[in-house]
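Read off the chains here:
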Amino acid sequence: MSRTRVLRPDEKSLALAAGLLRDGGLVAFPTETVYGLGARAYDAAAARRVYKAKGRPSDNPLIVHVADEAMLADVVKRVTPLARRLIDAFWPGPLTLILEKSARVPGAVTAGGRTVAVRCPGHPAARALIRALGEPIAAPSANLSGRPSPTTAAHVLRDLRGRVPLILDGGPCRKGLESTIVDARGLRPVVLRHGTITGESLSRAAGVPLRAPGGSAPASPGTGHRHYAPACRVILAPPALVRRGALALDASGDGLLHRAPWPGRRPAFARRVRGGASAYATALFSALRDAEAAGVRTLYVETVPDRGVGRAVMDRLRRAARR
Ligand code: AMP
Ligand code: MG
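Okay, so let's go over this structure. Residue numbers restart at each chain and count upward from 1, following the sequence in its written direction. The lettering of chains begins at A and the numbering of ligands begins at 1, in the order of writing. For a predicted model such as this one, the threshold for reporting local features is a pLDDT of at least 70, and the threshold for listing and counting side-chain atom pairs is 80 or more; totals across whole chains, interfaces and linings nevertheless cover every residue. With hydrogens and water set aside, each side-chain value is computed from the structure's full complement of heavy atoms.

Details of the side chain of threonine 198
Thinking step 1. Mapped onto the elements, threonine 198 comes out in the loop between strand E10 (190-193) and helix H8 (199-206).
Thinking step 2. Think of it in three bands: residues with accessible area under 20% of the maximum for their type are buried, residues over 50% are exposed, and the middle band is partly exposed, with areas taken using a 1.4 Å probe on protein chains only. Its relative accessible area of 14% is what places threonine 198 among the buried residues.
Thinking step 3. When near neighbours in sequence (up to four residues on either side) are disregarded, threonine 198 contacts Gly308 and Val309. Helix numbering and strand numbering both begin at the N terminus, where a helix is a DSSP run of H or I of at least 4 residues and a strand a DSSP run of E of at least 2. Contact definition: two residues touch when any of their heavy atoms are within 4.5 Å.

In structure tokens form, the structure reads like this:
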């Protein structure tokens with residue numbers, strides 16, 4: 001494949017996208033979390049194309065995106081009472097549920113497993129695309145495996161040019177961080193990946209406390225893989241060091257992503273995000289990619305308190321900093 005088209009999602013481009021998917025092809029599309037690289041969920045060969053385009057390890061399953069209850073019923077064996085409560089509270093939205101898969105979902109989508117990850121996105125273009133296809137879409141994030149998730153069409157193009165025929169450009173993603181993943185098979189929610197829907201709000205909606213992962217609950221396979229690594233080295237910096245200007249930033253090759261004021265000399269790349277952890281979450285992946293594009297060799301990133309949405313931010317940051 002060679003040409004990659006980037007089109008605004010309108011009636012015409014959505015019909016084109018649905019046609020590509022129906023034929024077993026791939027389409028990148030916006031969601032409120034990050035951009036997804038989609039394929040027909042009921043087509044094993046199409047799902048395998050997703051792994052190939054991303055260079056994704058075959059043991060890391062995809063998330064199935066549905067537009068309504070009827071599609072959900074086709075994807076899973078049973079909607080547990082816990083899943084029902086979480087769906088009522090958070091769908092459409094950035095919450096992915098792990099449930100027993102139905103016979104219709106091929107093993108290529110679930111990496112051979114008996115469970116499936118399913119989510120109903122809130123982004124209008126994502127919903128319109130699923131509706132236009134009339135079937136669920138399996139989609140992981142639309143980045144090359146191991147790279148930061150894409151939050152703009154330009155990010156997708158940078159990673160997947162020539163590997164996907166069409167990118168639907170819905171502008172920057174509102175959340176900017178991947179969905180919260182919850183195992184909803186049992187009586188209590190088990191958070192497998194933190195996201196912008198916090199553990200506190202999940203537990204409140206479920207009416208029961210969370211259960212800690214581990215034991216009989218399977219870990220989310222993707223969380224074991226190397227992830228979110230930009231080309232530059234990432235070093236975590238506590239807010240106090242930023243505020244005091246106590247980082248030895250080299251003007252040429254260093255960068256800084258921060259919230260607190262930086263009193264020192266401005267390095268080659270600096271981005272200040274104003275606002276709380278949610279604003280930081282939205283800006284994070286974009287900043288990692290921009291720092292990389294600016295030729296930054298070492299990016300210092302101010303940490304946020306490890307609670308609420310900050311927990312998801314710190315989860316991604318620790319992975320980005322891991323070498
Ligand atoms: P991505 O959309 O790129 O964030 O990738 C999908 C994420 O969902 C990965 O972290 C997967 O490991 C996770 N996932 C998909 N299916 C399952 C499943 N059946 N059980 C647990 N985690 C899953
Ligand atoms: Mg991903």
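Side note on the environment of glycine 276
Thinking step 1. Relative to the helices and strands, glycine 276 is located in the loop between strand E13 (269-272) and helix H10 (277-293).
Thinking step 2. Classification of glycine 276 as partly exposed rests on a relative accessible area of 38%.
Thinking step 3. Here the alpha-carbon distance between glycine 276 and glycine 310, two residues 34 residues apart in the chain, equals 8.7 Å.

Observations concerning the pattern of salt bridges
Thinking step 1. Salt bridges are defined as contacts in which a side-chain nitrogen from Lys or Arg sits within 4 Å of a carboxyl oxygen from Asp or Glu. This model, assessed by the stated rule, comprises 18 salt bridges.
Thinking step 2. Residues arginine 147 and glutamate 292 are paired through a salt bridge, measuring 2.8 Å at the closest nitrogen-oxygen approach. Note that arginine 147 is positioned in the loop between strand E7 (137-139) and helix H7 (153-160) and glutamate 292 in helix H10, a separation of 145 residues in sequence. Neither arginine 147 nor glutamate 292 differs from the other in exposure class; each is buried.
Thinking step 3. Between glutamate 178 and arginine 316 there is a salt bridge; the shortest N-O distance is 2.8 Å. Of this pair, glutamate 178 sits in the loop between strand E8 (166-168) and strand E9 (180-183) while arginine 316 sits in helix H11 (residues 309-321); the two residues are 138 residues apart in sequence, bridging distant segments of the chain.
Thinking step 4. Its relative accessible area of 5% is what places glutamate 178 among the buried residues.
Thinking step 5. Here arginine 316 falls in the buried class, since its relative accessible area comes to 1%.
Thinking step 6. Counted as one network, the salt bridges with shared partners bring together Arg147, Arg158, Asp159, Arg289 and Glu292.

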